[in-house]
Amino acid sequence: MQQPPNEGRRDAAQDAQWSRPECQAWTGTLLLGTGLLYCARTSMPICTASMSQDFGWNKKEAGIVLSSFFWGYCLTQVVGGHLGDRIGGEKIILLSASAWGFITAATPLLARLGSAHLVVMTSSRVLTGLLQGVYFPALTSLLSQKVREGERAFVYSTVGAGSQFGTLLTGAAGSLLLDRYGWPSVFYFSGGLTLLWACYVYRYLLSEKDLILALGVLVQGLPVSRHTKVPWRQLFQKPSVCPCPPPPGYGRGLRCRTLSLVTAHRAAIVSQLSSACSFFILLSWLPIFFKETFPSSKGWVFNVVPWLVAIPASVLSGFLSDWLINRGYRTITVRKFMQVMGLGLSSIFALCLGHTSSFCKSVVFASASIGLQTFNHSGISVNIQDLAPSCAGFLFGVANTAGALAGVVGVCLGGYLTETAGSWTPVFNLVAAISGLGLCAFLVFGEAQRVDLSPTRQDL
């Protein structure tokens, strides 16, 4: 008797999943890789104040440099997800890390080329954004295919804790390097560590044959077989992805174009957009906020404490999410609870940041807001894997593209609001408003029904 196609796909997916030792090894490696990604990403926000003094930038120009990262970041999200689904997320991660590590280490040298410092640094950040844009979609693709569903939230939140770990590392070591050796040392530090990590992954976790195949696909466009056929039409007609009805004439000829046209109406994308945008605004402007509002404070305090709180918060959110699901709570109920914490409660503490003049209270509010935002790792980030694990990289890429585009506007707007209003309160009000929009969309339209296998599959 012939095995049903959906059952065969599930069996093949289970065979490709990591064993427990493999999962532990990759989880630790990817945790460190995510940390180094953020170590390289946050080098510029840490150094912006010093570089502004050296190059004569005002806040608007500093905002252009900070936001330029997201100009490149938003362009490679979908590409990274698609390639991760097609040739393996681990290979895309290694290749991109090698490239952005080199660019980061070379940033101080690039800054000294000519007198157009603003143009050179903006171009460098755009290129870094292009290279880092593939990371999280490829990571989502990798984990959705290699990690069992009951462990997915814990693994993803643990790996996601690397974002706080990397920011913490840059805040601690970077602040010390900045004070003693100047801003170029911060870029040498983060870029050099990334290159060492890439060497480790290449030598111990990936085979040379697989990497050569991946390079062949990227350079020559070689065909790579796929074991699953993703029902894109069914996927994007689901209310959890697209809460509005599909447009008239939806059919064969409308695939990627329809995907773009209805992006603003997808609950998953709106929620991911909001969480990414609010996080990017805080990530980019918090160091400058503390530096200007409390000039006598120590950089290693406000650059370290919020991210030190966020690491255990991220791991806790993943553990709590999996524990609740294993206790019998519906998956979508747990995901929505995590979003209430990650977007709702965190935005309240962000609002408080704009209404206090106490350094200690500001650190507490910033720590609470950043720490609670890590609950998004066990909410919308994993929900995308719930919906379509076979194409989670692509779908996450679409969602994160929207978030990166919003990040460009949000970070630039933050600099404009601060410069014109002479206050930081509008920036934190902006964070709260964006978070509230994403939370409402997910609470109303979110679901956890898998849509890439069969329309009759029950809601989780």
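Quick note: structure is the one above.
As the structure is a prediction and not an experimental result, all values here were calculated from the model.

## Some details on the overall build of the protein
Tallying secondary structure elements over the protein gives 21 helices and zero strands in all. Residues classed as buried in the protein amount to 57% of the 460 residues present. Summarising the internal contacts of the protein: among those between residues at least 6 apart in sequence, 83% fall at separations of at least 24.

## Concerning the packing of aromatic side chains
Going through the model one piece at a time under the given rule, you end up with 22 aromatic pairs. Both rings, one in Tyr 135 and one in Phe 136, keep their centres 5.2 Å apart while their planes meet at 85°; by these two values the pair is edge-to-face. Here Tyr 135 matches Phe 136 in class, with each residue buried. With a centroid separation of 5.1 Å and 85° between ring planes, the pair formed by Phe 289 and Phe 428 is classed as edge-to-face. Remark: Phe 428 occurs in helix α21 (residues 425–445) and Phe 289 occurs in helix α14 (residues 267–293); sequence separation between them is 139 residues. Among the residues examined, Phe 289 registers a relative accessible area of 3% and is labelled buried. Over the ring of Tyr 38 we find Arg 41; its NZ or CZ atom is 4.4 Å from the centre of that ring.

## Re the environment of Gly 84
Note that Gly 84 resides in helix α5 (residues 77–87). The exposure class of Gly 84 is buried, given its relative accessible area of 2%. What Gly 84 contacts, discounting residues up to four positions off in sequence, is Gly 89, Ile 92, Ser 141 and Gln 145.

## Re α21
Between the first and last C-alpha of α21 there are 31 Å, a value that for 21 residues agrees with the 30 Å anticipated at 1.5 Å per step. Along α21, the residues that are buried comprise Thr 425, Val 427, Phe 428, Leu 430, Val 431, Ala 432, Ile 434, Ser 435, Gly 438, Leu 439, Ala 441 and Phe 442. Taken together, the buried residues of α21 touch α14, α17 (331–353), α19 (380–387) and α20 (392–421).

## Let's talk about empty space enclosed by the protein
A full pass over the atoms with the stated rule returns four cavities of 30 Å³ or more. As a volume, the largest cavity reaches approximately 330 Å³. Secondary-structure elements contributing two or more residues to the lining of the largest cavity are α2 (20–41), α8 (135–146), α9 (152–181), α14, α18 (359–373) and α20. Class assignment for the residues of the lining of the largest cavity results in 11 nonpolar, 12 polar and one charged. Surrounding the second largest cavity, Thr 42, Pro 45, Ile 46, Thr 167, Leu 283, Leu 286, Pro 287, Phe 302, Asn 303 and Trp 307 form its lining. Broken down by secondary-structure element, the contributors of at least two residues to the lining of the second largest cavity are α3 (43–55) and α14.

## Re the nonpolar core
Residues Leu 30, Met 51, Phe 136 and Leu 286 are the most contacted members of the largest nonpolar core, which totals 99 residues. Considering each element in turn, this core owes the most residues, 14 residues, to α14. When residues no more than four places from it in sequence are discounted, the contact partners of Met 51 are Met 44, Gly 56, Trp 57, Met 121, Trp 183 and Phe 187. Of all hydrophobic cores here, the second largest spans six residues; its members include Leu 324, Val 334, Met 341 and Phe 375.

## Digging into the side chain of Ser 52
Tracing the sequence through the fold places Ser 52 in helix α3. A relative accessible area of 13% places Ser 52 in the buried class. Side-chain polar atoms of Ser 52 contact the backbone oxygen of Thr 48, separated by 2.7 Å. When residues no more than four places from it in sequence are discounted, the contact partners of Ser 52 are Trp 57 and Ala 62.

## Comments concerning the packing of α14 against α21
In the contact formed by α14 and α21, the axes pass within 8 Å of each other and the chain directions differ by 160°. One way to sum up the angle between α14 and α21 is to call them roughly antiparallel. Crossing of α14 against α21: the hand is left-handed. Along the contact surface, α14 presents Ala 267, Val 270, Ser 271, Ser 274, Cys 277, Ser 278, Ile 281, Leu 282, Leu 286 and Phe 289, while α21 presents Val 427, Phe 428, Leu 430, Val 431, Ile 434, Ser 435, Leu 437, Gly 438, Ala 441, Phe 442 and Phe 445. Partitioning the contact of α14 with α21 into residue classes produces 16 nonpolar, five polar and no charged.

## Some words on the pattern of salt bridges
Tallied over the full model, the rule gives one salt bridge. Residues Lys 91 and Glu 90 are paired through a salt bridge, measuring 3.2 Å at the closest nitrogen-oxygen approach. Residues Lys 91 and Glu 90 agree in their burial class; the two are buried.

## Thoughts on the packing of α17 against α19
Taken N-terminus to C-terminus, the directions of α17 and α19 make an angle of 155°; their axes are 9 Å apart at the nearest point. For the element pair α17 / α19, the angle class is roughly antiparallel. Along this stretch, α17 crosses α19, giving a crossing that reads as left-handed. Where α17 approaches α19, its residues Thr 331, Ile 332, Arg 335 and Gln 339 are matched on the opposing element by Ile 380, Val 382, Asn 383 and Asp 386. Split by residue class, the contact of α17 with α19 holds three nonpolar, three polar and two charged.

## Quick notes on the side chain of Ser 157
Position of Ser 157 among the secondary structure elements: in helix α9. Taking the relative accessible area as the measure of exposure, Ser 157 reaches 0% and is therefore buried. For Ser 157, the residues in contact, after removing those within four places along its chain, are Ser 314, Val 315, Ser 317, Gly 318, His 377 and Ser 378.

## Quick word on the environment of Cys 412
Mapping Cys 412 onto the fold places it in helix α20. With relative accessibility at 30%, the residue Cys 412 sits in the partly exposed group. Between the C-alpha atoms of Cys 412 and Ile 281, which are 131 residues apart in sequence, the distance is 9.0 Å. Excluding residues within four positions of it along the chain, Cys 412 makes contact with Gly 63 and Ser 67.

Conventions adopted
Residues numbered from 1 in each chain as written. Predicted model: local features only at pLDDT ≥ 70, side-chain atom pairs only at ≥ 80, totals over all residues. Heavy atoms only, no water. Helix = DSSP H or I, 4+ residues; strand = E, 2+ residues; numbered from the N terminus. Buried < 20%, exposed > 50% of the residue type's maximum accessible area, 1.4 Å probe, protein only. Contact = heavy atoms within 4.5 Å. Phe/Tyr/Trp six-rings, centres within 6.5 Å; stacked < 30°, edge-to-face > 60°. Lys NZ or Arg CZ within 6 Å of the ring centre and 35° of its normal. Expected span 1.5 Å × (residues − 1). 1 Å grid on protein atoms, 1.4 Å probe; cavity = no way out; pocket = protein on both sides within 12 Å on 5 of 7 lines; lining within 4 Å. Points joined across faces, edges and corners; volume = space filled by probe spheres on them. Nonpolar A, V, L, I, M, F, W, Y, C, P; charged D, E, K, R; others polar. Core = buried A, V, L, I, M, F, W, Y, C linked by side-chain atoms within 4.5 Å. Polar contact = N/O pair within 3.5 Å; in protein donor to acceptor, adjacent residues only side chain to side chain. Axes fitted to C-alpha atoms, helices over the stretch in contact; angles between N-to-C directions. Parallel < 35°, antiparallel > 145°, perpendicular 65-115°, else oblique. Left-handed = near helix turned anticlockwise from the far one by under 90°. Salt bridge = Lys/Arg side-chain N within 4 Å of Asp/Glu carboxyl O.

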